[in-house]
Amino acid sequence: MSDDWNKHVFGISAKKPPRLVLLDEVHTYSGVHGAQVALLLRRYRHAVGRELQFTGLSATLRNAGEFFAQLTGLRSGAVQEIAPISEETQREGMEYLLALRGDPVSQASLLSTTIQTSMLVRRLLDPAPSAGQSSGEGSGLYGRRVFVFTDDLDVTNRLYHNLLDAEGLNDQGRPRNGRGTLAQFRSSGQPFQNERMRAGQSWYLCEEIGHPQGIDQPLKVGRTSSQDTGVEKDGDIIVATASLEVGFNDPEVGAVIQHKAPHDFASYLQRKGRAGRLRSMRPWTVVVLSDFGRDRLAYQGYEGLLDPLVPPRTLPVANRYVLRIQATYAFLEWMAKQLAHCEGKGNVYYDFAQPSSTTTGKSRQARAAAIIGDLLSAGGDRERALLDHLMKSLQISKNEAQAVMWEGPRALMLHVLPTLMRRLETGWQRRPLAGEGGIESTPRIHCRSSCLRPSSVTSVYLR
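Residues numbered from 1 in each chain as written. Predicted model: local features only at pLDDT ≥ 70, side-chain atom pairs only at ≥ 80, totals over all residues. Heavy atoms only, no water.

Colleague: Tell me what's going on with the overall build of the protein, and back it up with residues and numbers.
Modeller: Regarding its fold elements, the protein presents 15 helices and 10 strands. If you line up the protein on its principal axes, its C-alpha atoms span 90 × 65 × 45 Å. In the protein, buried positions account for 41% of the 463 residues. The long-range fraction of contacts in the protein, counting pairs at least 24 apart against all pairs at least 6 apart in sequence, stands at 68%. Summed over its atoms, the accessible surface of the protein is roughly 25,200 Å², and 51% of this surface lies on carbon and sulfur atoms. Counting 56 positive and 48 negative side-chain charges, the protein places the centres of these two groups 8 Å from one another. (Helix = DSSP H or I, 4+ residues; strand = E, 2+ residues; numbered from the N terminus. Buried < 20%, exposed > 50% of the residue type's maximum accessible area, 1.4 Å probe, protein only. Contact = heavy atoms within 4.5 Å. Areas by Shrake-Rupley, 256 points an atom, 1.4 Å probe, with all protein chains shown as cover. Lys, Arg positive; Asp, Glu negative; His and termini not counted. Charge placed at Lys NZ, Arg CZ, Asp CG, Glu CD.)

As structure tokens, then:
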């Protein structure tokens, strides 16, 4: 948005400015990240310089109208929510939901409970396609693939590698020599069948529904996270993070397993919806819980997992930490306009990132240093122009804009601009200390009386 060469691609200063902004999966904009996006959209509206129509899509928002107004910076009365009414919907199909609690007395980790659950649930789904049959044919009512979700990347990695080991595979997914899957110890052909049945250690049902040999065959385990791109085409079990909870439609997913209580019910509903994409399918959702903390509360209130009520969602757009970050970006956009009037096209981000080796770049950096120096030492019209830009681009009040500019920690006028000024003046080099030459022993201090603020903060610019 501060790049004069490319900002027209996003409709800024373009011959045909955009009229519509489409936001998919709006519920994913939450917390600090959502506040950053909300303020970015405000800056974008101001940069485009015309009214835009925002359209958002989500299936898991409770207060959709109020939330979308907060996200886009529109008035609540300017947002119209379009949703189906009860007469327009038709109930069909069936799903199974299971809240499974690990046994703390057995001293087994909850991760091992999730591993065995994953191995068993996949073998309770439809058998793998026979020879000559494509993977998309004959999936039946239950599907052929399991997604296992976690909310922790470390747990995702451990679950993935432990699942590979449990299926007798190495880290590359190839069979280990002399190692079979641990599921073979649950086969009906093992000794002490009656005793194992009473102890819940026999998976004979998998054989009864069409997996006579599949219980002894290793499953293909895949992983989708920030470390891996895409989804393994023929994977039986996919261990995934939140990266797979939206925007992926696989008709073969018949079961979703959630490791530990979900952190966000909107995300949990999205994960749950990855299974049963075919209208004829009967998907499974299994939540594996421990006996402690949030998991214990979730198990005791299991109806919240079976039919979750998504709480109203708000964004911390007034958070000072977020506002200071966005105010710095807004300053870059303001500076781009100042430089465009006298120095021609350029990229402010590159101007402020490192010393320039071109004549144009050096001229832009010298002009930027002069503007910043004028801001810090004189204020006046430039300071008022910057204040007005922050108020309009971030849609904040005058008091809030002044607080972002002057109140610590890391205020724009007391920290960001002096640091930037020093780098522009020294060419990103350390200033020589007193006695090293090139600088007088007493630093020059520029201070103006208008720097005094009600909070008793004095602006001091050290040159």
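Colleague: Tell me about helix α3 (residues 110–124), residues and numbers included.
Modeller: The end-to-end C-alpha distance of α3, which contains 15 residues, comes to 21 Å, matching closely the 21 Å that a straight helix rising 1.5 Å per residue would cover. Of all the positions in α3, only L110, L111, T113, T114, I115, T117, S118, M119, V121, R122 and R123 are classed as buried. (Expected span 1.5 Å × (residues − 1).)

Colleague: Please set out the side chain of E25 residue by residue, giving values where relevant.
Modeller: With respect to the element layout, E25 can be found in the loop between β1 (20–23) and α1 (31–48). No salt bridge is formed by the buried E25, whose closest oppositely charged neighbour, R274, lies at an N-O distance of 5.5 Å. Each residue touching E25, except ones within four places of it in the same chain, is listed here: L57, V246, G247 and Q270. (Salt bridge = Lys/Arg side-chain N within 4 Å of Asp/Glu carboxyl O.)

Colleague: Got a sec to walk through the sheet that holds strand β7 (residues 253–259)? Specific residues and values, please.
Modeller: Pairing in this open sheet of 6 strands is parallel, and the strands run β3-β8-β7-β4-β6-β5 from one edge to the other. Of all strands in the sheet, those bounded by a partner on one side alone are β3 (96–101) and β5 (221–224). On average, adjacent strands in this sheet sit at an angle of 20° to one another, irrespective of strand direction. Pairing analysis gives 5 bridges linking strand β4 (residues 145–149) to β7, with the strands arranged parallel. Note on β7: the bridge partner recorded for R145 is V253. Running over the sheet, helix α4 (residues 153–166) touches β4, β5, β6 (237–240) and β7 and is turned about 165° from β5. (Pairing = 2+ DSSP bridges. Axes fitted to C-alpha atoms, helices over the stretch in contact; angles between N-to-C directions.)

Colleague: Can you tell me about a nonpolar patch on the surface, naming the residues and giving the values?
Modeller: The grouping of L124, M197, Y204, L205 and I209 at the surface amounts to a nonpolar patch, some 400 Å² of accessible area in total. Within the element layout of this structure, Y204 appears in helix α6 (residues 204–208). Residue classification places Y204 among the partly exposed residues on the basis of a relative accessible area of 35%. (Patch = residues over 30% accessible without salt bridge, like charges linked within 9 Å, V, L, I, M, F, W, Y side chains within 5 Å.)

Colleague: Can you break down the pattern of salt bridges residue by residue, with the values?
Modeller: The tally for this structure, following the rule as stated, stands at 23 salt bridges. The salt bridge partner of R382 is D374, with a shortest N-O separation of 2.8 Å. Judged by its relative accessible area of 22%, R382 falls in the partly exposed class. Through salt bridges that share partners, R101, D291 and R296 make up one connected network.

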